[in-house]
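Listed here are the chains, written in short residue letters.
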Amino acid sequence: MAIKEVKKVVTGSRAVDGAGVKLVRVLGHNDVEDFDPFLMFDAFDSVNPEDYIKGFPWHPHRGIETITYLINGNIEHGDSLGNKGSILDGCCQWMTAGSGIMHQEMPKASDRMLGAQLWLNMPKEFKMAEPKYCDITDGMVPTVVEGDNTIKVISGNYKDKTSSVYGDYVKMTYLDVQMKNNSEWEFNVNPEDTVFIYIVEGEGFFGSLNTKYKSKRAVLFSEGDIFKAKTEDSEIRFFLYAAKPLKEPIAWGGPIVMNTKEELNHAFSELRDGTFIKHK
């Protein structure tokens, strides 16, 4: 049994996306090799609605899955499959773009918008799979309380608590972990998985070294099968992600991620001529 040590720390950069949404793009094009199969990670944290209410109007996706999770906030959404609704406090939207989907996400003013959107790559043999949408409400998320630690299972399994969604194409563990001060937590992971966390709030220590890591950054871990975290005088909240890397070529253009430049060009050609959407 080997403890996973910190391999890389990424803080990302402030960005504006959609129709004018201010966010932090923590992971992007420059990180795909290290974080495979995770492509992009956007973090939202604002108490000013002007930062986000312009939203993300109708736009396409192909070849990926997008997972949006809110600790606090309200995002109205709709897609070309006919789904519509709201992502609220503690809720998650898991969207499989597959062969192609159009959707929009329009945040509404709230006391605080706090959450993240993750892009998960799809294996080449499934990139043109049928699009699918899954709405994970707060009540569908198992919660495990272990002393000073609270673990919400957004995706995967923890202590025999299994989420309603695990991923049809890439099996992903997604945990929302809260630790009080002066506490410890360990989690056994598949040594083949890429594992990283995003520290939402607070600060803590990871692995076997006595190095403190503060909030608003992603931390990637080395090989090993034991993830270890501890706190001292501060509480911490972080998201943990784990999935097996695909180790496939990536051709990425805006909202579309394929394996070759030719596939990417074909997707944009279909967008132009109106044949992008395959589902009825």
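Here, the structure is the one placed above.
Rules behind the numbers
- Residues numbered from 1 in each chain as written.
- Predicted model: local features only at pLDDT ≥ 70, side-chain atom pairs only at ≥ 80, totals over all residues.
- Heavy atoms only, no water.
- Helix = DSSP H or I, 4+ residues; strand = E, 2+ residues; numbered from the N terminus.
- Buried < 20%, exposed > 50% of the residue type's maximum accessible area, 1.4 Å probe, protein only.
- Pairing = 2+ DSSP bridges.
- Expected span 1.5 Å × (residues − 1).
- Arc of directions from axis to C-beta.
- Contact = heavy atoms within 4.5 Å.
- Axes fitted to C-alpha atoms, helices over the stretch in contact; angles between N-to-C directions.
- Core = buried A, V, L, I, M, F, W, Y, C linked by side-chain atoms within 4.5 Å.
- Lys, Arg positive; Asp, Glu negative; His and termini not counted.
- Salt bridge = Lys/Arg side-chain N within 4 Å of Asp/Glu carboxyl O.
- Polar contact = N/O pair within 3.5 Å; in protein donor to acceptor, adjacent residues only side chain to side chain.

Draft legend 1. Highlighting unusual backbone geometry. With omega at 15 degrees, the peptide bond leading from Asp36 into Pro37 counts as cis. Among the secondary structure elements, Pro37 is positioned in the loop between α1 (32-35) and β4 (38-46). Positive phi is not limited to glycine here, since Lys159 has a value of about 50 degrees. In this structure, Lys159 sits in the loop between β15 (157-158) and β16 (161-162). Using a relative accessible area of 52% as the deciding quantity, one classes Lys159 as exposed. Positioned with a positive phi, Asn182 is a non-glycine residue whose angle comes to about 55 degrees. Here Asn182 shows up in the loop between β17 (173-179) and β18 (184-188).

Draft legend 2. Geometry of the pairing of strand β23 (residues 236-243). Counted residue by residue, β23 has 8 buried out of 8 residues, so it is predominantly covered. Burial along β23 is two-sided: Ile236, Phe238, Leu240 and Ala242 facing one way and Arg237, Phe239, Tyr241 and Ala243 facing the other are all buried. Where β17 lies against β23, 7 bridges are found, and the strand directions are antiparallel. Bridge pairing in β23 links Val177 to Phe238. As paired elements, strand β19 (residues 194-206) and β23 share 8 bridges and run antiparallel to each other. If you follow Thr194 over to β23, its bridge partner there is Ala243.

Draft legend 3. Helix α2 (residues 261-273), seen in detail. Taking 1.5 Å of rise per residue, the 13 residues of α2 would be expected to cover 18 Å, and the 18 Å separating its terminal C-alpha atoms lies within 8% of that figure. Restricting attention to buried positions, one finds in α2 the residues Leu264, Ala267 and Glu270. Angularly, the buried residues of α2 cover 120 degrees about the axis, an arc narrow enough to put them on a single face. Across α2 from its buried face, at more than 90 degrees, point the exposed residues Lys261, Glu262 and Arg272. For α2, the elements touching its buried residues are β24 (251-253) and β25 (256-258). Trailing α2 by a residue or two, Gly274 shows a phi angle of about 85 degrees, which is positive.

Draft legend 4. Molecular detail of the sheet that holds strand β8 (residues 84-87). The strand order across the open sheet built from 4 strands is β5-β10-β7-β8, with neighbouring strands paired in antiparallel fashion. The open sheet is flanked by β5 (56-61) and β8, the only strands paired with a single partner. Neighbour-to-neighbour, the strand axes of the sheet open up by a mean angle of 25 degrees, direction not taken into account. Where strand β7 (residues 75-79) meets strand β10 (residues 101-107), 5 bridges bridge the pair, whose relative direction is antiparallel. Each bridged residue has a counterpart across the sheet, and for His77 the counterpart in β10 is Glu105.

Draft legend 5. Region of interest: the nonpolar core. In terms of nonpolar packing, the biggest core is built from 32 residues, with Phe38, Phe41, Met172, Phe196, Phe239 and Tyr241 touching the most fellow members. Here Phe38 is in contact with Val32, Leu118, Trp119, Leu120, Met172, Thr194, Phe196, Tyr241, Ala242 and Ala243, once residues within four sequence places are set aside. With 23 residues, the next largest nonpolar core counts Val177, Phe187, Val195 and Phe227 among its residues.

Draft legend 6. Region of the structure containing the side chain of Lys4. Secondary-structure assignment places Lys4 in the segment before β1 (6-10). Lacking a salt bridge, the buried Lys4 has Glu223 as its closest oppositely charged neighbour, with an N-O distance of 7.8 Å. Among the polar contacts listed, one links the side chain of Lys4 to the backbone oxygen of Ser222, at a separation of 2.6 Å. Every residue in contact with Lys4, bar those within four places of it in the chain, is listed here: Val189, Asp193, Val195, Gly207, Phe221, Ser222, Glu223, Gly224, Asp225 and Ile226.

Draft legend 7. The arrangement of the sheet that holds strand β9 (residues 92-96) in detail. Strand order across the open sheet formed by 7 strands is β2-β3-β4-β11-β6-β9-β12, with antiparallel pairing between neighbours. Edge positions in the sheet fall to β2 (13-17) and β12 (132-136), since each has one partner strand and no second. Averaged over all neighbouring strand pairs, the angle between strand axes comes to 20 degrees, with direction disregarded. Of the pairings in the sheet, the one linking β9 to β12 comprises 5 bridges and is antiparallel in character. For Trp94, the partnering residue across the bridge sits in β12 and is Cys134.

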